[in-house]
Amino acid sequence: MGSPVLRQEHFLREPSPTAKPDPPLQQAAPADGQGAVDWQFAFERSEVMRAFQQELLVSIGHELRNPLSSQMGSLQLVLSDLCDSPEEEREYLQSAKEAVERLIKLLEEYTRLARHDLPIQPLRPEPTRLRPLLQDVYSLTRLQAQDQGIRYEWPVLQPAPASEVPLLPDSLTVWADPHGLVQALLGVCRWGIRTLRYGSMALHPYPTAEEEGRLCLGWNLEGRCHVPIQTEGCAVWRVSERLLREMGGQLELCESGLYRVGIKVTLRLAQ
């Protein structure tokens, strides 16, 4: 059975008479002397981002090394006049040009991370389009998954046929701080990638039947996992869980086993 098509109006309904109101959002105190800053949490956020940057840099280094070595060999053939014809030279040069363009895109993925490296900035939730944010998270984590041989499948980001409504519309917005939500989801994905020994990690969104005005993102991890599977005491999980909670969301481990793990992130939809 395929994933349900999500529309903003599926979630924005009148709350039931028995529904409890959402708790007030907790935001980090400003660092301008008007309130105390949770420096311990700020330090944890900073350390988690620093570790992620290191892992991403290592992954990009691995990604760059092989194509660069291959193209160096091709260019050496051209420079040494070992090609059989001018047409063959042009083929090697065109191949080298295309490889350089691909490598530049990889470097751009790393520099994009700098926009989110604001570990002690107070959270300022606002209506945030979810799809482009998820695309950023995917591009910043796929290399780590690739390095571990994990099939990293996010079908929700695949373009839908012209005759169908996309699973995750571009107009769908959530109530979140963009930088904080990116860091939280980076942590969720990083935890999942490190938990899998091999297998696949797929993302599927679905509405919550019990809570109106909310959206769930579910990551299904299938394959062989490292055991024991635990979140307690894990800084990456702890930081992501708190960031989501302070934006009115939730992070939970909904299924845990040697061959299957389920992660659920609940987000508030923008009213």
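Structure shown above.
The following refers to the structure shown.

Rules behind the numbers
- Residues numbered from 1 in each chain as written.
- Predicted model: local features only at pLDDT ≥ 70, side-chain atom pairs only at ≥ 80, totals over all residues.
- Heavy atoms only, no water.
- Axes fitted to C-alpha atoms, helices over the stretch in contact; angles between N-to-C directions.
- Helix = DSSP H or I, 4+ residues; strand = E, 2+ residues; numbered from the N terminus.
- Left-handed = near helix turned anticlockwise from the far one by under 90°.
- Contact = heavy atoms within 4.5 Å.
- Nonpolar A, V, L, I, M, F, W, Y, C, P; charged D, E, K, R; others polar.
- Expected span 1.5 Å × (residues − 1).
- Phe/Tyr/Trp six-rings, centres within 6.5 Å; stacked < 30°, edge-to-face > 60°.
- Buried < 20%, exposed > 50% of the residue type's maximum accessible area, 1.4 Å probe, protein only.
- Lys NZ or Arg CZ within 6 Å of the ring centre and 35° of its normal.

### As for the packing of helix α4 (residues 178-195) against helix α5 (residues 235-246)
Geometrically, a packed helix pair is captured by the angle between its two axes and the distance between the axes.
Now for step 1: Where α4 meets α5, the axes come as close as 8 Å, and the angle between the chain directions of the two elements is 145°. In terms of crossing hand, the pair formed by α4 and α5 is left-handed. In this structure, α4 contributes Gly180, Leu181, Gln183, Ala184, Gly187, Val188, Arg190, Trp191 and Arg194 to the contact, and α5 contributes Val236, Trp237, Val239, Ser240, Leu243 and Leu244.
Now for step 2: Residue composition of the contact of α4 with α5, grouped by class: 9 nonpolar, 4 polar and 2 charged.

### Here's the deal with helix α1 (residues 39-79)
Now for step 1: If you check α1, its first and last C-alpha atoms are 57 Å apart, about what 41 residues at 1.5 Å a residue would give, namely 60 Å.
Now for step 2: Just past α1, the residue aspartate 81 takes up positive phi, approximately 55°.

### Quick word on the packing of aromatic side chains
Now for step 1: In the structure shown here, the tally under the stated rule is 5 aromatic pairs.
Now for step 2: The interplanar angle of 45° and the centroid separation of 5.4 Å between the aromatic rings of tyrosine 152 and tryptophan 154 together place this pair among those described as tilted. With respect to burial, tyrosine 152 and tryptophan 154 carry one shared label: buried.
Now for step 3: Three or more aromatic residues link up through ring pairs in this structure, and these residues are Tyr138, Tyr152, Trp154 and Trp219.
Now for step 4: The ring of phenylalanine 41 is capped by arginine 242, whose NZ or CZ atom sits 4.0 Å from the centre of that ring.

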